[in-house]
Amino acid sequence: MKRLFALAAMAFAAALFLAACGGGGGDGSSRSSRPTGTATAVATKRIDGKSVLVDANGNALYMSDQEASGAVKCTGSCGQFWEPLAIQGGQPSGTVSGGTLGVLQRPDGKTQVTLNGAPLYHFTQDQPGQVTGDGFDDAFDGQQFTWHVATAGNAPSAPMPTSGSGGSGSSGY
Amino acid sequence: MLAALSLLAVGAVHLQQYNELYSAIPTIGTLFVLNFVAATVLGVGLLVPFERLWRRGGAWIEATLALGGIGVATAAYVFLLIAQRRPLFGFMEPGYNPDAILTSQVSEIATVALLGAYLVVRHVPIGFRGRRSATRSTSTQEVKA
């Protein structure tokens, strides 16, 4: 009898251990907020054969089809998965061939970097140099999203006017 | 024993994913916690030898725990299948963490299969009837003797 209870306790402990260590394959680091600078840099990096837009830390950047017009729809729990590329002031540095970097004001008051008016995000499950969220279809609070990794080639065609601290204003075309 | 461990694994994956990602999602996050609590309670319960402790009611407790475990694993599996195809409680799952999804689905299928097998072997009426008829024939032989 004592042995069975000991086994039960061991199984429970194993379950908790799995949970604590990331039994599902996560590394437990993705929830930490990525650093935001006063001048967020955006660059282009070759990942898996694609020229992908990345931030200063090499994290791939994403856009959603539903926000191509510049309207921020990824709010609330969406931000747990898709973290806005925030900037604390000024303009983002870097140049993107065929696109223009700018900023917009999010509903929560934060300033977010945009590409041709479309807000840019990190995927919280990515590690630097990885692109794992490209093509994802998801929904939060009933709002559906289709996410694409931002590349110089897939920037929204028409740059939208930016608000808040103001975008670059030029189209780049 | 394996079924109980498998059920505990179902709960553990849900707790880990709740901590990792899903805590911010209304309803879904709560369901992940409920899954962990239910799977842990039922899994630990299945490791307790109720039938040996309490001969009459123990078998029923074990059968109830097994049915509960099948229910928890099935619900988790079905909810994930739905959420992968269309929004469930406003949330749609594109497969953010394929490893966690695979671990969860394998442990859910194993739980249902193992607990189902346990129920069939130990508690299905046909087996019960078989044992009763065997008891009757033994009693008849005793009377004849």
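About the cut-offs
Counting of residues starts from 1 at the beginning of each chain's written sequence and follows it residue by residue. To read the labels, note that chains go from A and ligands from 1, taken in the order they are written. Given that this is a predicted model, residues contribute local features only at a pLDDT of at least 70 and side-chain atom pairs are listed and counted only at 80 or more, while totals for whole chains, interfaces and linings are drawn from all residues. Helix numbering and strand numbering both begin at the N terminus, where a helix is a DSSP run of H or I of at least 4 residues and a strand a DSSP run of E of at least 2. Exposure in this text rests on C-beta crowding, where 20 or more other C-beta atoms within 10 Å of a residue's own make it buried, 12 or fewer make it exposed, and counts in between make it partly exposed. The C-beta atoms are placed from the backbone. The contact criterion used is a C-beta to C-beta distance within 7 Å, with each C-beta placed from the backbone. The nonpolar core is taken to be a set of buried Ala, Val, Leu, Ile, Met, Phe, Trp, Tyr and Cys residues joined by way of C-beta atoms within 7 Å. Pairing between strands is defined by DSSP: at least two bridges between the two strands are required. The pLDDT value expresses, per residue, how confident the predictor is, ranging between 0 and 100. Angles run from 0 to 180 degrees between N-to-C directions of axes, and those axes are lines fitted to C-alpha atoms, restricted for helices to the stretch in contact. Roughly parallel means an angle under 35 degrees; roughly antiparallel, over 145; roughly perpendicular, 65 to 115; everything else is oblique. Helix crossings are classified by the rotation of the near helix relative to the far one: an anticlockwise turn of less than a right angle makes the crossing left-handed, while a clockwise turn makes it right-handed. Note that Gly is not counted as nonpolar here; it falls among the polar residues with everything else outside the nonpolar set of Ala, Val, Leu, Ile, Met, Phe, Trp, Tyr, Cys and Pro and the charged set of Asp, Glu, Lys and Arg.

Each helix and strand in chain A was counted, giving two helices and 11 strands. Tracing chain A from N to C terminus, the helices and strands come up as α-β-β-β-α-β-β-β-β-β-β-β-β. Across the 173 residues that make up chain A, the buried fraction comes to 40%. Of the contacts made within chain A by residues no fewer than 6 positions apart, 69% connect residues no fewer than 24 positions apart.

Once that is clear, we can look at the nonpolar core. Considering soluble globular proteins, one finds that nonpolar side chains tend to be buried as a cluster. With 68 residues, the main nonpolar core has A:L61, A:Y62 and B:L7 as its most contacted residues. With 11 residues, the single largest contributor to this core is helix α1 (residues 2-20) of chain B. Among residues more than four places away in sequence, those in contact with A:L61 are A:V42, A:L53, A:V54, A:D55, A:L85, A:L120, A:Y121, A:H122 and A:A150.

The side chains of a regular strand alternate, residue by residue, between the two faces of the sheet. Residues and elements named next belong to chain A. Most of strand β6 (residues 101-105) is tucked away: four of the five residues are buried. In this sheet, strand β7 (residues 111-115) lies alongside β6 in antiparallel orientation, the contact comprising five bridges. The residue of β7 that forms the bridge with L101 is L115.

Here we come to the confidence of the model for chain A. Residues and elements named next belong to chain A. Mean pLDDT over chain A: 75, with 66% of residues reaching 70 or higher. Note that pLDDT drops below 50 for residues 4-13; the model gives that stretch 14 contacts with residues more than four away or on any other chain. Counting interchain partners and residues more than four positions distant, the pLDDT-below-50 stretch residues 159-173 has 33 contacts.

This brings us to the pairing of strand β2 (residues 50-55) of chain A. Residues and elements named next belong to chain A. Two elements, strand β1 (residues 42-47) and β2, share six bridges in a ladder whose sense is antiparallel. Pairing of V42 across the sheet is with D55, part of β2. Linking two consecutive strands that pair antiparallel, namely β1 and β2, is a turn of two residues; a positive phi of about 50° is found at D48 within it.

Attention shifts here to unusual backbone geometry. All names here are of chain A. The phi dihedral of D48 falls on the positive side, at around 50°, and the residue is not glycine. One can find D48 in the loop between β1 and β2. Of the residues examined, D48 has 11 C-beta atoms within 10 Å and is grouped as exposed. The backbone of D141 shows a phi angle near 50°, a positive value even though the residue is not glycine. Among the secondary structure elements, D141 is positioned in the loop between β10 (137-140) and β11 (143-149).

Glancing now at the packing of helix α4 (residues 55-83) of chain B against helix α5 (residues 98-123) of chain B. All names here are of chain B. Where α4 contacts α5, the axes come no closer than 9 Å and their chain directions differ by 150°. Put simply, α4 runs roughly antiparallel to α5. Considering how the two elements wind past one another, α4 and α5 form a crossing that is left-handed. Residue-level contacts link A59, A63, A66, G69, I70, A73, T74, A76 and Y77 of α4 to S104, Q105, E108, T111, V112, L115, G116, Y118, L119 and H123 of α5. Its residues assigned to classes, the contact of α4 with α5 comprises 11 nonpolar, seven polar and one charged.

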